[in-house]
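Breakdown of the fold
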Protein chains: 2
Amino acid sequence: MSAYHPLSEQEAIQIALSLDGYFPEGASLTSREIGDGNLNLVFHIVDSSSGKSLIMKQALPYAKVVGESWPLTLDRARIESDKLILEGELAPGLVPNVYKYDPELYLTIMEDLSDHIIMRQGLIGGTRYPKFADDISTFMARTLFFTSDLGMNQQEKKQRVKAFINPELCKITEDLIFDDPYTNSPNNSFDPAIQDAAEALWQDSQLHFEVAILRDKFLTNAQALLHGDLHTGSVFVTPESTKVIDPEFAYYGPIGFDIGAVIANLLLNFAGQEHWSTDTETRNDFRRYLTDSVRDVWNLFDQKFRALWDEHGLDRIASSTPGYQDYYMNRLLQDAVGFAGCKIVRRIVGLSHVIDVDRIPDAAAKEKAQRLALAIGTSLIRNNRNTQSIEEIIDVALSLANK
Amino acid sequence: MSAYHPLSEQEAIQIALSLDGYFPEGASLTSREIGDGNLNLVFHIVDSSSGKSLIMKQALPYAKVVGESWPLTLDRARIESDKLILEGELAPGLVPNVYKYDPELYLTIMEDLSDHIIMRQGLIGGTRYPKFADDISTFMARTLFFTSDLGMNQQEKKQRVKAFINPELCKITEDLIFDDPYTNSPNNSFDPAIQDAAEALWQDSQLHFEVAILRDKFLTNAQALLHGDLHTGSVFVTPESTKVIDPEFAYYGPIGFDIGAVIANLLLNFAGQEHWSTDTETRNDFRRYLTDSVRDVWNLFDQKFRALWDEHGLDRIASSTPGYQDYYMNRLLQDAVGFAGCKIVRRIVGLSHVIDVDRIPDAAAKEKAQRLALAIGTSLIRNNRNTQSIEEIIDVALSLANK
């Protein structure tokens, strides 16, 4: 019989106390369950006397993803923990430290990051994160390069593909990002004010053509071990620190999918600045900060990935053939642009939205933000395979915002 | 302790006798080991009184692939047996029947096909196989479509990717097809007479660029469960029957790799007709038969794959978007052309050759055949991403042969 059961707070404290040498002798622990209860239990455990603390995250055997509870494999906890540990090795300091994983309880015990906030919240509050582009580009370049056929033993990579087969979490992405928004699906959710724009997506076969190609890449292109859900809600920040969390969607997929997630969520906040900025000048300034971040994220990723390739490339023909690196990097940019577009569109008309846009209280501003996001998203999808420079994406965002 | 050990002929007979109801009571079995001894033991077991017979194939824990013995996982026997059984379900009548698989002995007991011959031998002898294009296109269309994201449940497909992770056999292909021929590798092997042509391959960075792209597809593009080694030595034929054997290289890869293998081996025989045909008219006729076969293989595959997609397509957006099927099929053709080119080149300058060319006794004819094969192969590689029609491939082969 399995030992698995959802932990009580008291049990969580007992497990924390049993961690060798973490809390001082005689620690007096308190636990608070801070998860959203949809997918996981998250215990925040604190020793009030020493001030030491940690996070315990336990997977629940169901999810409330499409409005009702459905069973969801506990195996995602193993994937998340293994991916976090690997990320910690490849990109030290950019993820929470994992202290222990309990495979019977599907429980990860890790560093408490309560001094950070969720980046999406910070951006909505108008905070700038000067280290973010540098940190996230390092995170992506290193985790993606060193899990790809360019940067790791190609036979070990295949074993890693096997270890990170993740059908149930991939299905969520396949349905919610690459299918529902482009048809009249019961999973969709959008404001009646933009019904016309949603319906236009369902009819647009040029858009469907590009989405079908991008969907196929998500289904078949095992390029590197992705985070798989790298939006600004999966990033804890302070102005000095960046920590990427929640890699339970990890699987071997196209590198551009992670990059596109970052770009998409910066641009969703860009659209939301319709409301969050207090005046036009503030709005233009913050939008400029966001597009600068998009530019920096790509350019720094591009530089770092190429530098890793030049120094650590293991694939003889890929490393020694003139022009191949440029071709490969341009293809990553194109994929990133296409995936960014899909991720923007789904956050406006699909099941799962972002508060950057959804929490705008003024109806007219919200509608304007939604239409702007859709215009940017569909433009990125339409043009993804022709993109030659990140500047094109920035131009699209700025010119649509100023229309 | 494992029960595995290489079987003696006497043990093979005992196992054959223990097969429920296969041989009649009192059968008097003889066994002959007919394997090449490099990778597998193959026992041909016959009951002289009833005439019934079967084949027992047992994996050996080593291979003599690069001149010396190296350890090679026995797990390939599981992959081969599982793939054969699946092929039998998806393409009935086009593979040997599997009677039993013994996972401890890594032993597959299957239908005896001694009334067939290896197609490569038949083609060298000038025999035409009027059913081949129809049969092999059915085999490929059905095994590839129904294991792809287009034709099977996409979550079950991921589990199948996992079950067919095949690092050691893939490494053979990655090294011998997509690397060695393009550099001065000790694994290469070619006649001194074509030293200049081999060296030209090592210097040709335009060619390397295309090979790097094709290699990347082989490494990352998990489109469908491939046979993985579909040359004319893996096909048993009679004029009325086609049976595909030896799928131990099976893994999830790009569909064009299987199609390209068939095309490449027809064109290698085309090059070898320099010698095997007795006069110019016979040669031109047989070459025309071979290029007709190339055309038919692709066109019939294309028709059948599309028909399966139209009838059984499970991917909503891929099935309902105008133009996507045409785009997808053209990409398969382009991949097939590129992979065919790589497979031709490696059979002339790489480690493993084909008797269609290698057994040509006359030195001048052999050199001419080798140079023709290389010219065709490099042309296919160079032009793969621009190919729009199978006619272009046929034109290349015929015009180079007539130069």
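Structure's up top.
These lines cover the structure that appears in this document, whether it is placed above or below. Fair warning: this is a prediction, and the values are worked out from it, not measured in the lab.

Quick word on the overall build of chain A
What chain A contains, in helices and strands, is 15 helices and 12 strands. In terms of C-alpha radius of gyration, chain A reaches 21 Å, essentially the compact-globule figure of 22 Å for 403 residues. Dimensions of chain A, computed from C-alpha atoms along their principal axes, come out at roughly 65 × 55 × 40 Å. When the 403 residues of chain A are sorted by exposure, 62% land in the buried category.

A word on the sheet that holds strand β10 (residues 235-238) of chain B
All names here are of chain B. If you trace the three strands from one edge of the open sheet to the other, you get β8-β10-β11, paired in antiparallel fashion. Edge strands, defined here as strands with exactly one partner in the open sheet, are β8 (117-118) and β11 (241-244). In this sheet, β10 lies alongside β8 in antiparallel orientation, the contact comprising two bridges. Across the sheet, residue Ile117 finds its bridge partner in β10, namely Val237.

Focus on the packing of helix α8 (residues 205-220) of chain A against helix α5 (residues 154-163) of chain B
It is at 11 Å that the axes of α8 of chain A and α5 of chain B come closest, and there the two elements cross at 40 degrees. As judged from the angle between their axes, α8 of chain A and α5 of chain B are oblique. Contact residues: Arg215, Leu219 and Thr220 of chain A in α8 of chain A; Gln154, Lys157 and Lys158 of chain B in α5 of chain B. Class assignment of the residues belonging to the contact of α8 of chain A with α5 of chain B gives a composition of one nonpolar, two polar and three charged.

Examining the pattern of salt bridges
With the rule as written, the count across this model stands at 54 salt bridges over all chains. The residue Lys57 of chain A makes a salt bridge to Asp246 of chain A at a minimum N-O spacing of 2.7 Å. Of this pair, Lys57 of chain A sits in strand β3 (residues 53-59) while Asp246 of chain A sits in the loop between β11 (241-244) and β12 (252-253); the two residues are 189 residues apart in sequence, bridging distant segments of the chain. Among the residues examined, Lys57 of chain A registers a relative accessible area of 8% and is labelled buried. Judged by its relative accessible area of 27%, Asp246 of chain A is partly exposed. Here Arg295 of chain B and Asp292 of chain B are joined by a salt bridge, their closest N and O atoms 2.9 Å apart. Here Arg295 of chain B pairs with Asp292 of chain B, and both are found in helix α10 (residues 280-312), just three residues apart, close to one helical turn. Within this structure, Lys57, Glu80 and Asp246 of chain A form a network of salt bridges that share partners.

Here's the deal with the interface of chain A and chain B
Each partner contributes to the interface: chain A provides 41 residues, whereas chain B provides 41 residues. Taken over both partners, the interface formed by chain A and chain B buries close to 3600 Å², and the fraction arising from carbon and sulfur atoms is 59%. With a shortest N-O distance of 2.7 Å, Lys158 of chain B and Glu174 of chain A are connected by a salt bridge. Those elements giving two or more residues to the side of chain A that touches chain B turn out to be α5 (154-163), α6 (167-176), α8, α11 (316-320) and α12 (324-349) of chain A. Broken down by element, the residue count for the side of chain A that touches chain B peaks at 10 residues, all from α8 of chain A. Partitioning the side of chain A that touches chain B into residue classes produces 17 nonpolar, 11 polar and 13 charged.

With respect to the relation of the copies chain A and chain B
One copy of the chain maps onto the second through a rotation about an axis and a displacement along it. Overlaying chain A on chain B yields an RMSD of 0.0 Å, the required transformation being a rotation through 180 degrees with an accompanying axial translation of 0.0 Å. When the rotation and shift are considered jointly, the pair of chain copies conforms to a two-fold rotation axis. With an isologous cut-off of 70% or more, the 100% of interface residues of chain A that recur at the interface of chain B puts this contact in the isologous class.

Describing the sheet that holds strand β2 (residues 40-47) of chain A
All names here are of chain A. Read across the open sheet, the five strands follow the order β1-β2-β3-β7-β6; overall the sheet is antiparallel. Lying at the two open borders of the sheet, with one neighbouring strand each, are β1 (29-33) and β6 (98-102). For this sheet the average axis-to-axis angle between neighbouring strands, irrespective of direction, equals 20 degrees. Note: β2 against β3, seven bridges, orientation antiparallel.

Overview of α12 of chain A
Given a rise of 1.5 Å per residue, 26 residues ought to cover 38 Å, and the 38 Å separating the end C-alpha atoms of α12 of chain A matches this to within 8%. Taking burial as the measure, the 26 residues of α12 of chain A include 24 buried ones, the bulk of the element.

A short note on helix α9 (residues 255-276) of chain B
Residues and elements named next belong to chain B. Between the first and last C-alpha of α9 there are 31 Å, a value that for 22 residues agrees with the 32 Å anticipated at 1.5 Å per step. Roughly 25 degrees is the biggest bend found in α9, and it falls at Phe270. With 20 of 22 residues buried, α9 is to be regarded as a mostly interior element.

Observations concerning empty space enclosed by the protein
Scanning the entire structure with this criterion turns up six cavities of 30 Å³ or more. If you add up the space inside the largest cavity, you get close to 350 Å³. Along the walls of the largest cavity sit 29 residues, with Val161, Ile165 and Ala222 of chain A together with Val161 and Ala222 of chain B positioned nearest its centre.

Focus on the packing of α6 of chain A against α5 of chain B
Direction vectors running N to C along α6 of chain A and α5 of chain B enclose 140 degrees, while the axes themselves pass 9 Å from each other. When the interaxial angle is binned, α6 of chain A and α5 of chain B end up oblique. Relative to α5 of chain B, the crossing made by α6 of chain A is right-handed. Across the interface between the two elements, Pro167, Cys170, Lys171 and Glu174 of chain A from α6 of chain A touch Gln154, Gln155, Lys158 and Gln159 of chain B from α5 of chain B. Taken together, the residues that form the contact of α6 of chain A with α5 of chain B break down as two nonpolar, three polar and three charged.

Some remarks on the nonpolar core
Counting 222 residues, the largest nonpolar core has Leu267, Phe301 and Phe305 of chain A together with Leu267, Phe301 and Phe305 of chain B as the members making the most contacts within it. When residues no more than four places from it in sequence are discounted, the contact partners of Phe305 of chain B are Ala141, Leu144, Phe145, Leu150, Ile255, Tyr328, Met329 and Leu332 of chain B. Core analysis: the second largest hydrophobic core is formed by 24 residues, Ala12, Phe23, Leu29 and Leu105 of chain A among them.

Details of the environment of Ile381 of chain A
Residues and elements named next belong to chain A. Following the sequence through the fold, Ile381 ends up in helix α14 (residues 363-383). A relative accessible area of 0% places Ile381 in the buried class. Each C-alpha atom of the pair Ile381 and Leu214 lies 8.9 Å from the other, and the pair is 167 residues apart in sequence. Apart from the residues lying within four places of it in its own chain, the contact partners of Ile381 are Tyr182, Leu207, Glu210, Val211, Gly338, Gly341, Cys342 and Val345.

The rules behind these values
- Along each chain, residues carry numbers from 1 onward, in the same order as the chain's sequence is written.
- All chains are assigned letters beginning with A, and all ligands numbers beginning with 1, in the order in which they are written.
- It should be noted that, the model being predicted, local features are given only for residues of pLDDT at least 70 and side-chain atom pairs only at 80 or more, the latter also being counted only at that level, while totals for whole chains, interfaces and linings use all residues.
- Only hydrogens and water are set aside; all other atoms, that is, all heavy atoms of the structure, feed into the side-chain values.
- Segments assigned H or I by DSSP are reported as helices when at least four residues long, segments assigned E as strands when at least two residues long, and all are numbered from the N terminus.
- Throughout, the radius of gyration refers to the C-alpha atoms, and the reference size of a globule is 2.2 Å times the residue count to the power 0.38.
- Each residue is assigned to one of three classes by its accessible area relative to the maximum for its type, calculated with a 1.4 Å probe on protein chains only: buried under 20%, partly exposed between the two thresholds, exposed over 50%.
- Strands pair, by our definition, only if DSSP identifies at least two bridges between them.
- Lines are fitted to the C-alpha atoms to define the axes, a helix being fitted only along its stretch in contact, and any angle between axes, read from their N-to-C directions, falls within 0 to 180 degrees.
- What sets the label is the angle itself: under 35 degrees gives roughly parallel, over 145 gives roughly antiparallel, 65 to 115 gives roughly perpendicular, and the rest give oblique.
- It only takes one pair of heavy atoms within 4.5 Å for two residues to be counted as in contact.
- Polarity classes work like this: nonpolar for Ala, Val, Leu, Ile, Met, Phe, Trp, Tyr, Cys and Pro, charged for Asp, Glu, Lys and Arg, and polar for all others, with Gly in that last group.
- Salt bridges are defined as contacts in which a side-chain nitrogen from Lys or Arg sits within 4 Å of a carboxyl oxygen from Asp or Glu.
- Buried area is understood as the total, over both parts, of accessible area removed when two parts are fitted together, assessed with a 1.4 Å probe.
- Least squares is used to superpose the copies, and the fit set is the C-alpha atoms of residues whose pLDDT is at least 70 in both copies.
- Multiplying one less than the number of residues by 1.5 Å gives the expected span of a helix.
- The term bend refers to the angle at a residue between two fitted axes, each drawn through seven residues, those ending there and those starting there.
- Definitions used throughout: a 1 Å grid over protein atoms alone; a cavity as a set of points that fits a 1.4 Å probe which cannot get out; a pocket as an open set with protein on both sides within 12 Å along at least five of seven lines; a lining residue as one with an atom within 4 Å of a point.
- Grid points are joined across faces, edges and corners, and a volume is the space filled by probe spheres set on the points.
- The crossing is said to be left-handed when, going from far helix to near helix, the turn is anticlockwise and less than a right angle, and right-handed when the turn is clockwise.
- The definition of a nonpolar core used throughout is a set of buried Ala, Val, Leu, Ile, Met, Phe, Trp, Tyr and Cys residues joined through side-chain atoms within 4.5 Å.

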